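The residues making up each chain are set out below.
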Amino acid sequence: MNDSADRRIRDADADVDDFGTQLETWRLRMEDALAARLPEAEVVPSRLHEAMRYSVLGGGKRIRPALVFATARAVGLTEDDVEAAACAIELVHVYSLVHDDLPAMDNDDLRRGRPTCHKAYDEATALLVGDALQPLAFQLLARDPKLPASPAIRLRLIDMLAQAIGTLGMAGGQAIDLAVQGSRLDITQVEDMHARKTGAVIRASVLMAAECAPPLDPNLYAALSRFANAVGLAFQIQDDLLDVTGDASMLGKATGADSERAKPTHPAIIGISASQQRVRLLHNQAIQALAPFCERADDLRSLAHWLLSRQY
C-alpha cells in the first residue's frame with residue numbers, strides 16, 4: 001500500500017466518529033419511513049402484519065439505505081428524493097434475512113440479538129413475511145409519490161431491483177452458496193458467488209439512487225458502478241471475517257457458523273491476513289472510483305470506510 005493510500009485511511013479513521021452521527025440520523029429516519037409504509041399490526045391479517053413489523057423494525061444498521069442516501073448527495077439529490085427507494089431496498093433485504101434464518105437455509109435462532117422471525121412466530125409465518133415484504137417493495141417503487149414521476153424511471157427502478165434479487169443476483173448467490181457447502185472453490189468462484197449474494201443489492205442501492213437523478217455523464221455512472229462493486233465484495237469479506245474474529249454479543253448473532261457449515265469463504269480459503277488485505281485493496285479501489293465526484297462524494301467515502309472497518 002502506498003503512502004497516499006495510508007494517509008487516506010488515517011484521515012478516514014479521524015472522521016469516522018463524526019460520520020457515525022450521520023449514520024445514526026439516517027438510521028432513525030429509516031425507522032420512521034419504514035414504519036409509515038408497513039401495514040399496521042391491527043389490520044387483518046394481523047398476525048402476518050405484526051410479524052412483518054417485528055422483522056423490519058427490529059433494529060439493524062440500515063446500511064443499504066445509507067448507501068442510497070449518500071449516493072443521492074453525490075448526484076445532487078436529497079434524502080426525500082430517494083427515501084422510497086431506500087425503503088424498497090431495505091424491505092427486500094429484510095425478506096432475505098427472514099428466509100435465510102429458516103431451518104431449511106441457515107437455521108439461525110438469533111437476528112440482531114432477538115429471536116428470529118420463525119422462532120418468535122413460526123416457520124409458515126416467516127415464509128409469508130418474506131412473501132409479503134417483496135411485493136411491498138415493488139409497490140413502493142411503482143406508487144410512492146416521492147419518487148420521480150417519470151414512468152420510465154419507475155420501470156427502470158423496478159427492473160434494477162428485480163435483477164438484483166433474482167437468479168443473477170441475491171437468490172442465485174444463495175442457491176450457489178447452499179449448493180457448494182462442503183466443497184472446495186477457488187477464490188474467483190467465491191467472489192462470483194458473493195457478487196450475486198451480497199454485492200448485487202449493494203450495487204442496486206447505489207445505482208438506483210443515481211437513477212433518480214437527471215441523467216448522469218456515463219463516466220460518472222461508471223464510477224459509481226466501480227465503487228459499488230468494490231464495496232459490495234469488501235462488505236461480504238468483512239462479514240466473513242467477523243464470523244471468525246467478531247464478538248457475538250456485538251454482532252447480535254452466533255459466530256463460527258460459516259465454519260460449522262463448511263462454507264467456502266475468503267478466510268477459509270486464503271486465511272484471515274490475506275482476507276484483511278483484500279478488504280484494504282477493495283477499499284482503495286472504491287475510494288479511487290469516487291475521484292470524479294470530488295467533495296460531493298465525501299459521505300460515500302466515509303460510509304465505505306465505516307463499512308470496511310466495522311466490528312459488528
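Above this text is the structure in question.
Since the model is a prediction, treat every value here as computed from it, not as a measurement.

Another aspect to go through is the packing of aromatic side chains. Going through the model one piece at a time under the given rule, you end up with three aromatic pairs. Here Phe-19 and Trp-26 contribute two aromatic rings whose centre-to-centre distance is 6.0 Å and whose plane-to-plane angle is 80 degrees, an arrangement assigned as edge-to-face. With centroids separated by 5.9 Å and ring planes inclined at 45 degrees, the aromatic side chains of Trp-26 and Phe-69 adopt a geometry described as tilted. Remark: Phe-69 occurs in helix H3 (residues 63–74) and Trp-26 occurs in helix H1 (residues 3–37); sequence separation between them is 43 residues. Considered together, Trp-26 and Phe-69 belong to a single accessibility category, that of buried residues. Following the ring pairs from residue to residue traces out a cluster consisting of Phe-19, Trp-26 and Phe-69. The cationic tip of Arg-114 hangs over the ring face of Tyr-54; the distance from NZ or CZ to the ring centre is 3.7 Å.

Before going further, it helps to examine the side chain of Gln-238. Along the chain, Gln-238 falls in helix H10 (residues 218–245). Classification of Gln-238 by relative accessible area gives buried; the value is 8%. Apart from the residues within four sequence positions on either side, Gln-238 is in contact with Val-279, Leu-307, Leu-308, Ser-309 and Arg-310.

For the bond running from Val-44 to Pro-45, omega is 0 degrees, close enough to zero to count as cis. Counting through the fold element by element, Pro-45 comes out in the loop between H1 and helix H2 (46–56). For Arg-62, which is not glycine, the phi dihedral falls at a positive 60 degrees. Locating Arg-62 in the fold gives a position in the loop between H2 and H3.

This part covers helix H9 (residues 187–211). The largest bend in H9 is about 55 degrees, located at Gly-199. Measuring from the backbone nitrogen of Thr-188 back to the side-chain oxygen at the start of H9 gives 3.1 Å, which picks out Asp-186 as the cap.

The next point concerns empty space enclosed by the protein. Inspection of every chain in the model, using the stated rule, returns one cavity of 30 Å³ or more. The computed volume of the largest cavity comes to approximately 130 Å³. Forming the boundary of the largest cavity are 13 residues, of which Ser-55, Val-98, Arg-111, Arg-112 and Cys-117 lie nearest the centre. Those elements that provide at least two residues to the lining of the largest cavity are H2, helix H4 (79–100) and strand E2 (114–115). It is H4 that contributes the most residues to the lining of the largest cavity, three residues altogether. Residues belonging to the lining of the largest cavity are distributed by class as follows: six nonpolar, three polar and four charged.

Reading the values: the criteria
Residues numbered from 1 in each chain as written. Predicted model: local features only at pLDDT ≥ 70, side-chain atom pairs only at ≥ 80, totals over all residues. Heavy atoms only, no water. Phe/Tyr/Trp six-rings, centres within 6.5 Å; stacked < 30°, edge-to-face > 60°. Helix = DSSP H or I, 4+ residues; strand = E, 2+ residues; numbered from the N terminus. Buried < 20%, exposed > 50% of the residue type's maximum accessible area, 1.4 Å probe, protein only. Lys NZ or Arg CZ within 6 Å of the ring centre and 35° of its normal. Contact = heavy atoms within 4.5 Å. Bend = angle between axes of the 7 residues up to and from the residue. Polar contact = N/O pair within 3.5 Å; in protein donor to acceptor, adjacent residues only side chain to side chain. 1 Å grid on protein atoms, 1.4 Å probe; cavity = no way out; pocket = protein on both sides within 12 Å on 5 of 7 lines; lining within 4 Å. Points joined across faces, edges and corners; volume = space filled by probe spheres on them. Nonpolar A, V, L, I, M, F, W, Y, C, P; charged D, E, K, R; others polar.

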